[in-house]
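Take a look at the letters that make up each chain.
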Amino acid sequence: MSEWVRLDSEKLNTPQQEAIRGVNITVRMSPYDVPEAVRGYYDEDQERFVIEFRYIGEEPFRRKQKGKHITLRVGRHSGRLYGIEVDVKAMKAQSVDLILEVSDAVLQAIDDSLAHVPPKALAP
């Protein structure tokens with residue numbers, strides 16, 4: 001299994017400012033919802049390439065199938081994204097590159113998954 005790569009949480013969690021009816025609002029995510037590290041590896045047992053995210057706190061996750069070849073690991077209580085499993089065997093992939101760019105299909109799968117998280121689970 002590969003080593004964890006630490007992420008710069010300040011860069012990932014830059015404050016977003018918006019004026020609503022003349023009131024300036026600054027929003028940023030809770031530090032518990034920003035991943036502190038990431039790693040990618042091929043899981044021989046599952047025959048899947050896995051991208052994992054690590055957070056300040058941990059919780060059990062559930063798997064949510066998104067399309068034929070992508071499974072998301074979503075926190076049971078928080079809705080945080082703990083991992084992405086890619087069925088490279090079924091895709092007949094010869095190799096896997098882990099880079100910071102994410103395909104539109106993966107982004108859409110993540111968005112769709114998180115859109116169904118109850119608001120209570122997203123509260124800090």
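The structure under discussion appears in the preceding block.
Here is a short report on the structure shown in this document.

The rules behind the values
- Residues numbered from 1 in each chain as written.
- Predicted model: local features only at pLDDT ≥ 70, side-chain atom pairs only at ≥ 80, totals over all residues.
- Heavy atoms only, no water.
- Phe/Tyr/Trp six-rings, centres within 6.5 Å; stacked < 30°, edge-to-face > 60°.
- Lys NZ or Arg CZ within 6 Å of the ring centre and 35° of its normal.
- Salt bridge = Lys/Arg side-chain N within 4 Å of Asp/Glu carboxyl O.
- Helix = DSSP H or I, 4+ residues; strand = E, 2+ residues; numbered from the N terminus.
- Buried < 20%, exposed > 50% of the residue type's maximum accessible area, 1.4 Å probe, protein only.
- Core = buried A, V, L, I, M, F, W, Y, C linked by side-chain atoms within 4.5 Å.

**Here we look at the packing of aromatic side chains**
Phase 1: Using the criterion set out here, one finds one aromatic pair in the structure.
Phase 2: In this structure, Arg80 packs its charged tip against the face of Tyr55, placed 4.7 Å from the ring centre.

**Focus on the pattern of salt bridges**
Where charged atoms from two side chains of opposite charge approach closely, those side chains can pair.
Phase 1: Under the criterion given, the structure shown has seven salt bridges.
Phase 2: Taking the shortest distance from any N to any O, the salt bridge between Asp87 and Arg48 comes out at 3.5 Å. Of the two residues, Asp87 sits in the loop between strand E8 (81-86) and helix H2 (104-115) while Arg48 sits in strand E5 (residues 48-54), which places them 39 residues apart along the sequence.
Phase 3: Ionic pairing is found between Arg80 and Glu59, a salt bridge with its closest N-O pair at 3.6 Å. Of this pair, Arg80 sits in the loop between strand E7 (70-75) and E8 while Glu59 sits in the loop between E5 and strand E6 (61-66), placing them 21 residues apart in sequence.
Phase 4: Using a relative accessible area of 15% as the deciding quantity, one classes Glu59 as buried.
Phase 5: Counted as one network, the salt bridges with shared partners bring together Arg39, Glu52, Arg63, Arg73 and Glu85.

**Some thoughts on the nonpolar core**
Phase 1: Core analysis: the biggest nonpolar cluster contains 13 residues, and Ile51, Phe53, Tyr55, Leu72, Leu81 and Ile84 have the highest contact counts within it.
Phase 2: Elements with a contribution of two residues or more to this core: E5, E7 and E8.
Phase 3: Top element by residues in this core is E8. It accounts for four residues.

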